[in-house]
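Fold and contact review
Chain residues, written in single-letter form:
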Amino acid sequence: MVTIAPDTTGSAASGWLGSFLETWEPGTGDPIEDREPATGRHLLTVAGSTPDDVARAAAAARAAQPAWAATSYQDRARILRRAAEIYEANRDEFGTWTQRETGASHSKMHHESNFAYLEILNAATLPSQPYGSLMPSAVKGRLSMVRRVPVGVVGAITPWNSPSVLGMRVVAPALALGNAVVLKPDPQTPVVGGAMFAAVFKEAGLPEGLLQIVVGGADVGEAIVTDPNIPVVSFTGSTAVGRRVGQLGGGLLKKVSLELGGNNAFIVLDDADLEAAASAGAFASFQFQGQVCFAAGRHLVHRAVADAYIEALTAKARRLRTGDPYREDVQLGPIVNEKQLARVDDIVQRTLSGGARLAEGGTSEGLFYRPTVLTGVTTESPAWTDEIFGPVAPVVTFETDDEAIELANSSAYGLVASIYTRSIGRGLAIADRMRTGMVHVNDGTLNDEAIIPFGGMGDSGNGSRYGGEASLDTFTEWQWVTLRDEPPAFPF
Ligand code: NAD
C-alpha cells in the first residue's frame, strides 16, 4: 500500500495514476520515501521490494511467459497499441510526476513523454516483423530455417534520469516479442519508473504475471541479475555499476545488455556557424542540468574561434534560469540529490585548482547548480576525464582536425560525438574516425529516435543496442530448425 503525502493531492495524486497508486504494492520490504528534489517535499512512501520478492516476481513471470509467446502476433500488437493510447491519454499526469520526481524542465518532460509513447508505438510493429529466414541446406530434401524465439524473462534495471524512456525501450519491445519482464526502476523514481508501467499495461489488458515491478537499490538489482529464472539482463546506468552487473551476469553465462555512461565530445571546427554551435553546445551541456548520458561533457574548439565560441556559450549560460521547474518558468531544475551536487562541485573545484578558469557559473543554491563554463582546462583535469553528470561545459582548444580526433577519442567512453562545420565532407571525414556509437554533424549530442539502434562503444556499453531492429537482437535468440520427411540412415 502506497502512502501519498497530502501536498501531492491535486494534479499529481488525484488522477488516473493517483487512483492506481492507492493500491499499488511493489514489495514486502522497508518503506522507500519518494522526495521531490526541487523542494525536498515528501511525495509518497512505497513499500520497497526484497530479494525474496524478486524471486517470486521472476518465478511468476516465467510461469506466465510461454502462453504469452504462443499468442498471435496480432494480439500482442493490439495490447501494445492499446498501451500507447493509454499512455497518451494520461501523459499530462505522467508529465507532472516526471517533473516532480526527477526535477525535469517542461521541455525535458515533453521529450520524455513523446519518446516513451513512440517507444510503445514502435514496439507495436515488432510482432508483425518477419522473425526468421529459410536457409539453403547441403542436405537434399531437408527444410532448414532459422527463427528468432523469445528469450523468456528479461530483467530490466533502469536509472532515475529518464525513467519512462529507458524503461519503455526495454519493456515494450521485450513484451512485444513474447517475453515477460521484471522491471526495477531506481528507488528515486518509483512512480514514473515503475508504477506508471504497471498501470498502463494492466489497463491495456496485458495478461497477469508478465510484467513485474520491484522497487529497491543494489540488493534488489543484484537479485535480478542472479535470479535463475531471468536469463537476460538489460542494465542502463553508470559504468561502475554496469561493470559489476556484467561480472555477476557473465559469471552465470547470462546475456547482459549494458548501456552505460558517457563523456561526449562536442567538436567545433574553425569554419562552424558559431552561433548555431554555441546554441547546440549549451543545450547539450545544460539541458536537464547535464544529467543525461549523451550530454556534451567536453567541448573541443578550434583555437581560431575559441574566444568567440566561449563568449557565446558563456552568454547563453548566464541567461539560463534555474529553479523549481514544476512551479516556475525555468530552463534548469535541481541536481537530483545532495551527494550528486557535492560530486559535481568537487569536480569543478578540483579542475579550477588545477589551473582552469571559471568563465561562468560554479555556484549553487540548494540543489540548484548554475550552468558552468570552464576554460583553460587540461586534459588531465577531472572535468575533462570524468563523466560529470552536471551542468558543466569544460573547453579545450585544438589546432588541427587530427588533434581534435585524437582528443575526442582519448576518452574511455564512446557514446556520442557532435561535429560543427560548414563542410559536410570534413565533418564526415572526422565522423569516420570517431570511436563512438553515434556521431552527428551539425547537430547536438542529445539525439535519439525510437527506430535507431541506440548505444555506445568502449566504457559506454558492451555493444548491445535498443531501438528498431536492434531490439530483435537484444530480446530474442536464434534457433535453427530442420525438418525432413524421411529420416536418414546413420552408420551406427
Ligand atoms: P546507477 O548505476 O547508480 O543506477 C542505475 C540502476 O542500477 C538503478 O536502478 C540502481 O538502483 C541500480 N543498481 C545500483 N547498484 C546496483 C547493483 N550492484 N546491481 C544491480 N543494480 C544496481 O546510475 P544512476 O546514477 O541512476 O544513473 C546515471 C548513470 O546512468 C550515468 O552514468 C548515465 O550516463 C547512465 N545512463 C546511461 C544511459 C545509456 O543509454 N547509455 C542512459 C541514461 C543514463
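Report follows, based on the coordinates. (Residues numbered from 1 in each chain as written. Predicted model: local features only at pLDDT ≥ 70, side-chain atom pairs only at ≥ 80, totals over all residues. Heavy atoms only, no water.)

For the protein, the count of helices and strands is 16 helices and 22 strands. For 492 residues, the compact-globule formula gives about 23 Å, and the C-alpha radius of gyration of the protein, at 24 Å, lands near that figure. With 492 residues in all, the protein has 58% of them scored as buried. Long-range pairs, those at least 24 residues apart, make up 72% of the contacts in the protein between residues at least 6 apart in sequence. When the accessible surface of the protein is summed, it comes to about 20100 Å², and 53% of that surface belongs to carbon and sulfur atoms. (Helix = DSSP H or I, 4+ residues; strand = E, 2+ residues; numbered from the N terminus. Rg over C-alpha atoms; globule rule 2.2 N^0.38 Å. Buried < 20%, exposed > 50% of the residue type's maximum accessible area, 1.4 Å probe, protein only. Contact = heavy atoms within 4.5 Å. Areas by Shrake-Rupley, 256 points an atom, 1.4 Å probe, with all protein chains shown as cover.)

What follows covers the side chain of N264. By secondary structure assignment, the location of N264 is in strand β11 (residues 264–268). Under the relative-accessibility criterion, N264 is labelled buried at 1%. From its side chain, N264 meets the backbone oxygen of A295 in a polar contact 2.7 Å long. Of note is the side chain of N264, whose polar atom sits 3.2 Å from the backbone nitrogen of V416. (Polar contact = N/O pair within 3.5 Å; in protein donor to acceptor, adjacent residues only side chain to side chain.)

Bringing the nonpolar core into the picture now. Counting 76 residues, the largest nonpolar core has L17, W24, M168, V181, V182, F197 and F201 as its most contacted members. If one sorts the elements of this core by residue count, helix α7 (residues 190–203) sits on top with nine residues. With residues up to four places along the chain from it excluded, the contact list for V181 reads V154, A156, V171, A174, L175, L210, L211 and Q212. I335, W384, A417 and I419 belong to the second largest nonpolar core, which has 29 residues in total. (Core = buried A, V, L, I, M, F, W, Y, C linked by side-chain atoms within 4.5 Å.)

All right, on to the sheet that holds strand β22 (residues 476–484) then. Spatial ordering of the open sheet is given by β4-β5-β22, a layout of three strands whose pairing is antiparallel. Looking at the sheet topology across the chains shown, the edges are occupied by β4 (132–135) and β22. With direction set aside, neighbouring strand axes in the sheet form an average angle of 20°. Alignment of β4 against strand β5 (residues 142–150), held across four bridges, turns out to be antiparallel. Along β5, the bridge assignment pairs G132 with R147. (Pairing = 2+ DSSP bridges. Axes fitted to C-alpha atoms, helices over the stretch in contact; angles between N-to-C directions.)

For the ligand, the set of nearby residues contains 30 residues, the closest of which are T158, K184, S238, L260 and E387. Within the contact set of the ligand, an oxygen atom lies 3.3 Å away from a backbone nitrogen or oxygen of G237. For the ligand, whose accessible area on its own is 860 Å², the fraction buried by protein is 88%. Elements supplying a minimum of two residues to the shell around the ligand: α6 (163–176), α8 (218–226), β9 (232–236) and α9 (239–251). Of all the elements, α8 adds the most residues to the shell around the ligand, at three residues. When grouped by side-chain class, the residues that make up the shell around the ligand number 14 nonpolar, 10 polar and six charged. (Near = heavy atom within 4 Å. Nonpolar A, V, L, I, M, F, W, Y, C, P; charged D, E, K, R; others polar.)

What follows covers the packing of α6 against α7. Taken N-terminus to C-terminus, the directions of α6 and α7 make an angle of 40°; their axes are 9 Å apart at the nearest point. Taken together, the axes of α6 and α7 are oblique relative to one another. In this structure, the crossing between α6 and α7 has a hand that is right-handed. Residues P163, S164, G167, M168, V171 and L175 of α6 form the contact with α7, whose own contacting residues are V192, G193, M196, F197 and F201. Counted by class, the contact of α6 with α7 contains eight nonpolar, three polar and no charged residues. (Parallel < 35°, antiparallel > 145°, perpendicular 65-115°, else oblique. Left-handed = near helix turned anticlockwise from the far one by under 90°.)

So, about helix α4 (residues 91–102). Given a rise of 1.5 Å per residue, 12 residues ought to cover 16 Å, and the 16 Å separating the end C-alpha atoms of α4 matches this to within 8%. Most of α4 sits inside the fold, with 11 of its 12 residues counted as buried. Along α4, the positions that sit buried rather than exposed are R91, E93, F94, G95, T96, W97, T98, Q99, R100, E101 and T102. Phi turns positive, to about 80°, at G103, one or two residues after α4. (Expected span 1.5 Å × (residues − 1).)

In this structure, the second largest pocket spans a volume of roughly 570 Å³. Around the second largest pocket sit 21 residues that line it, and A198, E208, L211, Q212 and I213 are the ones nearest its centre. For the lining of the second largest pocket, the elements supplying multiple residues, two or more each, are α2 (51–69), α7 and β8 (211–213). The class makeup of the residues in the lining of the second largest pocket is 13 nonpolar, three polar and five charged. (1 Å grid on protein atoms, 1.4 Å probe; cavity = no way out; pocket = protein on both sides within 12 Å on 5 of 7 lines; lining within 4 Å. Points joined across faces, edges and corners; volume = space filled by probe spheres on them.)

What follows deals with the pattern of salt bridges. If charged atoms from side chains of opposite charge come close, those side chains can pair. Applying the stated rule across the entire model yields 21 salt bridges. Put simply, D473 and R148 hold a salt bridge, and the shortest N to O gap is 2.9 Å. Remark: R148 occurs in strand β5 and D473 occurs in helix α16 (residues 469–475); sequence separation between them is 325 residues. In this structure, the salt-bridge partner of K316 is E275, at a minimum N-O distance of 2.8 Å. Note that K316 is positioned in helix α11 (residues 306–319) and E275 in helix α10 (residues 274–286), a separation of 41 residues in sequence. Residue K316 is classed as buried on the basis of its relative accessible area, which comes to 15%. (Salt bridge = Lys/Arg side-chain N within 4 Å of Asp/Glu carboxyl O.)

Geometric values such as these leave the question of function open.
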